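Topology and contacts: notes
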Amino acid sequence: MTVMTANLAGVDVRAEIERLRKERNAVILAHYYQKPEIQDLADYIGDSLELSRRAAESKADVIAFCGVKFMAETAKILAPEKTVILPDLDAGCSLEDSCPPEKFKAFRAAHPDHIALTYINCSTEVKALSDIIVTSSSAETILSQIPRDQKIIFGPDRHLGGYLSRKFDREMLLWPGVCIVHEAFSETELIKLKAQHPGVPVAAHPECPPHIVDHADYVGSTSGILNYAKAMPGDTLIVATEPHIMHQMQLAMPAKTFIGAPGADGQCSCNICPYMALNTLEKLYLALRDLTPQVHIEEGLRLQAKKSLDRMLEMASGTVGKGDLGAR
Ligand code: 13P
Ligand code: SF4
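Presented here is an overview of the structure given in this document. (Residues numbered from 1 in each chain as written. Chains lettered and ligands numbered in written order. Predicted model: local features only at pLDDT ≥ 70, side-chain atom pairs only at ≥ 80, totals over all residues. Heavy atoms only, no water.)

In the vicinity of ligand 2, the contacting residues are Tyr33, Val68, Cys93, Ser94, Leu95, Asn121, Cys179, Val181, Glu207, Cys273 and Tyr275. Counted by class, the shell around ligand 2 contains eight nonpolar, two polar and one charged residues. (Near = heavy atom within 4 Å. Nonpolar A, V, L, I, M, F, W, Y, C, P; charged D, E, K, R; others polar.)

Structure follows, in structure tokens:
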């Protein structure tokens, strides 16, 4: 990072990104958890499902994916002819890390009568071992299409799986992965915050553990939470997901107040995703300039992983990017 800063002295990074975006015919996709300065120059901001669709439909030659690695890999799986760059290839995900492909393969082999319904937050190898991928915005629509007598393995997020299992009153075998960011919310601090703001609703991402989700008036994906904030009758919302989404909320609804749900000591920054935070404007500029780091996926693996993603896109076709798991 020190070397990079020195090399960029005198460079107008924003202007260079603008120039390179046109020169390379690049589209910049950004997740809601990206830093505000990245969100502000993105062509599209969205949740995991929306960004996958954008990648699949894009006419650009280069996709600059400002998110984490599994998202950039998804873009490459769906749009193999495009150059897919990610500002920092170390931008991983604790859910992906929790689910090594060889262990997932063995788990599947031990339950041959189960299908694998798998959260998109996983490696390409795990996608290739899965039957259907879901995002938090498409999970409910997809699960409702699977016959009730069909046994299901759900991985790697046990909280999203548990939430769906409770809501649908349907047993699923859950892989024990968690998102370290959503795990860090404190129920005690949330109760205190609610007491300070009586009547103010709570919106939570389903990656949160049940002791947080149980306090929520609305549970949904990042886009779902954003839409809930627009539609809610009041002017204040407690938000239990990665706090960078509040940048978009504040831009869209300047008159409303958004309060981030607290972490363990009430004011830690433990709910900022450390992986998403690896991306910076400087790294985005360098990636556009040098077309590296790039995502590469072996073709056989890509085709295998694409099957489960295609199933998701087909089965979620009625989900118009609303990101809705709906009210509890
Ligand atoms: P969504 O944007 O699909 O809600 O997912 C959040 C997430 O897991 C990002 O890592
Ligand atoms: Fe992974 Fe959680 Fe970060 Fe999303 S917020 S990338 S699920 S660690």
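For sheets, the rule is that strands pair by backbone hydrogen bonds, running either parallel or antiparallel. With respect to topology, four strands assemble into an open sheet ordered 2-1-3-4, the strand pairing being parallel. With one partner strand each, in any of the chains shown, strand 2 (44-46) and strand 4 (83-85) form the two edges of the open sheet. Put simply, the sheet's adjacent strands are angled 20° from each other on average, direction ignored. Relative to strand 4, strand 3 (residues 62-66) is paired through three bridges, and the arrangement is parallel. Counted as the bridge partner of Ile63 is Val84 from strand 4. (Pairing = 2+ DSSP bridges. Helix = DSSP H or I, 4+ residues; strand = E, 2+ residues; numbered from the N terminus. Axes fitted to C-alpha atoms, helices over the stretch in contact; angles between N-to-C directions.)

Among the 13 residues in the neighbourhood of ligand 1, the closest are listed as His31, Ser48, His205, Glu207 and Thr222. Ser136 has a polar side-chain atom sitting 3.0 Å from an oxygen atom of ligand 1. Between ligand 1 and Glu207, the relevant distance is 2.5 Å, taken from an oxygen atom to a side-chain nitrogen or oxygen of the residue. Contact with the protein chains hides 96% of the accessible area of ligand 1, taken as 300 Å² for the molecule alone. For the shell around ligand 1, a count of residues per class yields four nonpolar, seven polar and two charged. (Polar contact = N/O pair within 3.5 Å; in protein donor to acceptor, adjacent residues only side chain to side chain. Areas by Shrake-Rupley, 256 points an atom, 1.4 Å probe, with all protein chains shown as cover.)

The tally for this structure, following the rule as stated, stands at 14 salt bridges. Taking the shortest distance from any N to any O, the salt bridge between Glu23 and Arg19 comes out at 2.6 Å. Of this pair, Glu23 and Arg19 both sit in helix 2 (residues 13-23), four residues apart, roughly one helical turn. Judged by relative accessible area, which is 54%, Glu23 ranks as exposed. Residue Lys82 pairs with Glu81 through a salt bridge whose shortest N-O separation is 3.2 Å. (Salt bridge = Lys/Arg side-chain N within 4 Å of Asp/Glu carboxyl O. Buried < 20%, exposed > 50% of the residue type's maximum accessible area, 1.4 Å probe, protein only.)

Running from N to C, helix 2 and helix 16 (residues 281-290) point in directions that differ by 35°, and their axes come no closer than 9 Å. The element helix 2 and its partner helix 16 pack so that their crossing is left-handed. Two secondary-structure elements touch here, helix 2 through Val13, Arg14, Glu16, Ile17 and Leu20 and helix 16 through Leu281, Glu282, Leu284, Tyr285, Leu288 and Arg289. For the contact of helix 2 with helix 16, the residue count by class is seven nonpolar, no polar and four charged. (Left-handed = near helix turned anticlockwise from the far one by under 90°. Contact = heavy atoms within 4.5 Å.)

This part is about the nonpolar core. Counting residues in hydrophobic clusters, the biggest one holds 66 residues, and the most contacted among them are Ile63, Leu117, Ile142, Ile146, Met249 and Phe258. Looking at which element gives the most residues to this core, the answer is helix 5 (residues 69-78), with six residues. Residues contacting Phe258, with those up to four places away along its chain left out, are Ala229, Met232, Leu237, Val239, Met246, Met249, Gln250 and Met253. Ranked by size, the runner-up nonpolar core spans 20 residues in total, among them Leu8, Ile17, Ala26 and Cys66. (Core = buried A, V, L, I, M, F, W, Y, C linked by side-chain atoms within 4.5 Å.)

Below, the discussion takes up the packing of aromatic side chains. Tallied over the entire structure, the rule returns three aromatic pairs. Arranged with centres 5.7 Å apart and planes meeting at 70°, the rings of Phe104 and Trp175 form a pair that is edge-to-face. Of this pair, Phe104 sits in helix 7 (residues 101-109) while Trp175 sits in the loop between strand 8 (173-174) and helix 11 (180-183), placing them 71 residues apart in sequence. Summarising the burial analysis for this pair, Phe104 and Trp175 share the class buried. A centroid spacing of 4.9 Å and a plane angle of 10° characterise the contact between Tyr218 and Tyr228, whose relative ring orientation is stacked. One end of the pair, Tyr218, is in strand 10 (residues 218-219); the other, Tyr228, is in helix 14 (residues 222-231), with 10 residues separating them in the sequence. (Phe/Tyr/Trp six-rings, centres within 6.5 Å; stacked < 30°, edge-to-face > 60°.)

Here we take up the pairing of strand 7 (residues 151-155). For strand 7, the tally of buried residues reaches four of five residues, placing the bulk of the element in the interior. Sheet topology note: the strand 5 (residues 114-119)/strand 7 ladder contains five bridges and is parallel. Across the sheet, the residue bridging to His114 is Lys151, located in strand 7. Note that the unit made of strand 7, helix 10 (residues 158-168) and strand 8 has a crossover that is right-handed. (Right-handed = clockwise from strand over helix to strand, strands pointing away.)

What follows is about the sheet that holds strand 5. Taken together, the four strands give an open sheet; going across it, the order is 6-5-7-8, and neighbouring strands pair in parallel fashion. Lying at the two open borders of the sheet, with one neighbouring strand each, are strand 6 (132-134) and strand 8. Across three bridges, the pairing between strand 5 and strand 6 is parallel. Each bridged residue has a counterpart across the sheet, and for Tyr119 the counterpart in strand 6 is Val134.

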